Amino acid sequence: MNHEKRVRESERAAVERWFAHSPLGTMFSAGDGRMLPIPADAIAPWREEAFAIIDKFIVDSRPPPQWAMFGIIFAFASVLLALQPVLGLDGSAIGAIVMGGLLLWHGADLHLLWRYRRDLKALRGRIAASLALRAPMPAEFADRYRRGNAWRTALHLWVGSLIALALLATHFVPPDAIGPAAILGAIGAIGIAWLLYFLSRRTDLVQARAPSLASRPTPPISRP
């Protein structure tokens, strides 16, 4: 399975968790703790809009061919070397400029990811706004039928922490301080990330195969 297919399946599974079935009908998780009743026939158009946002993100985030990226880096470094006598740059300065360009490149990717999350959040807000006149489900009932994937959340937090540590290390950790222990630690951290990924994907697959929640008994709802 290629990377794009894995991302598409994971993101679509997250959208599917917005909607849940219960003995009282279909519900929508607004993302703020509320579970709002939603007509079953209204789910498909919202789902398709969310899937379109996901597909657009995948297309927009496709990296250029590897040879093209290396070619751009090589050409940029060659121009800097050719202008070295004019600009008065030494080797370390050229390396810093090239690394800065790479960071800007990844910054564009982060901006694209931010816009994607923003668009999905805005869509979720519009769905909740369209259901604003409906009374939320009681908390104890909503908690029983709300779906989530804690492994996915843990994976995002872990990977985000690793990226932040890596960026800090490039500025504050000298290369000669990186020993075998640090390399083993990095390998272990990557291994944990893969473990969290597989656990997250397993949860997605189990939820996709789960029978309708409407077959479960309705929990008692306390009355004031």
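Preceding this paragraph is the structure being described.
Given the structure is predicted, the values throughout are model-derived calculations rather than measurements.

Conventions adopted
- Residues numbered from 1 in each chain as written.
- Predicted model: local features only at pLDDT ≥ 70, side-chain atom pairs only at ≥ 80, totals over all residues.
- Heavy atoms only, no water.
- Helix = DSSP H or I, 4+ residues; strand = E, 2+ residues; numbered from the N terminus.
- Buried < 20%, exposed > 50% of the residue type's maximum accessible area, 1.4 Å probe, protein only.
- Contact = heavy atoms within 4.5 Å.
- Phe/Tyr/Trp six-rings, centres within 6.5 Å; stacked < 30°, edge-to-face > 60°.
- Pairing = 2+ DSSP bridges.
- Core = buried A, V, L, I, M, F, W, Y, C linked by side-chain atoms within 4.5 Å.
- Salt bridge = Lys/Arg side-chain N within 4 Å of Asp/Glu carboxyl O.

Caption draft 1: View of the overall build of the chain. Helices and strands together make up the secondary structure of the chain, namely eight helices and three strands. Along its sequence from the N terminus, the chain presents helices and strands in the succession α-β-β-β-α-α-α-α-α-α-α. Within the chain, the fraction of its 224 residues that count as buried is 25%. For the chain, the proportion of contacts with a sequence separation of at least 24, taken over those separated by at least 6, is 79%.

Caption draft 2: Seen up close, the packing of aromatic side chains. Applying the stated criterion to the full structure yields seven aromatic pairs. Geometrically, the ring pair formed by W18 and F19 is tilted, given 6.5 Å between the ring centres and 55° between the ring planes. Across the pair, exposure class does not vary: W18 and F19 are buried alike. Each ring, one from F57 and one from Y116, has its centre 4.2 Å from the other, and the planes form 15°; the classification is stacked.

Caption draft 3: Spotlight on the pairing of strand β1 (residues 19-22). Sheet topology places β1 next to strand β2 (residues 25-29); four bridges connect them, and they run antiparallel. If you follow A20 over to β2, its bridge partner there is M27. Where β1 folds back onto β2 in an antiparallel hairpin, the turn is made up of two residues.

Caption draft 4: Expanded view of the nonpolar core. Membership of the largest hydrophobic core comes to 22 residues, with the highest contact counts inside it found for W18, F19, F28, I38, L123 and I127. Only α2 (43-60) and α5 (91-130) provide two or more residues apiece to this core. For this core, the leading source of residues is α2, giving eight residues. Apart from the residues lying within four places of it in its own chain, the contact partners of I38 are F19, T26, M27, F28, I43, W46, I127 and L131.

Caption draft 5: Main features of the pattern of salt bridges. Summed over all chains, the structure comprises nine salt bridges. Where E9 meets R201, a salt bridge forms, and the shortest distance between an N and an O atom there is 2.9 Å. Here R201 lies in helix α8 (residues 180-209) and E9 lies in helix α1 (residues 3-16), a separation of 192 residues in the sequence. On the basis of relative accessible area, E9 is assigned to the partly exposed category, the value being 31%. For D119, the salt bridge is made with R118, and the minimal N-O distance between the two is 3.2 Å.

Caption draft 6: Broad picture of the side chain of R17. Among the structural elements, R17 can be located in the loop between α1 and β1. For R17, a relative accessible area of 6% gives the class buried. Residues contacting R17, with those up to four places away along its chain left out, are S29, R147, G148, N149, R152, D204 and Q207.

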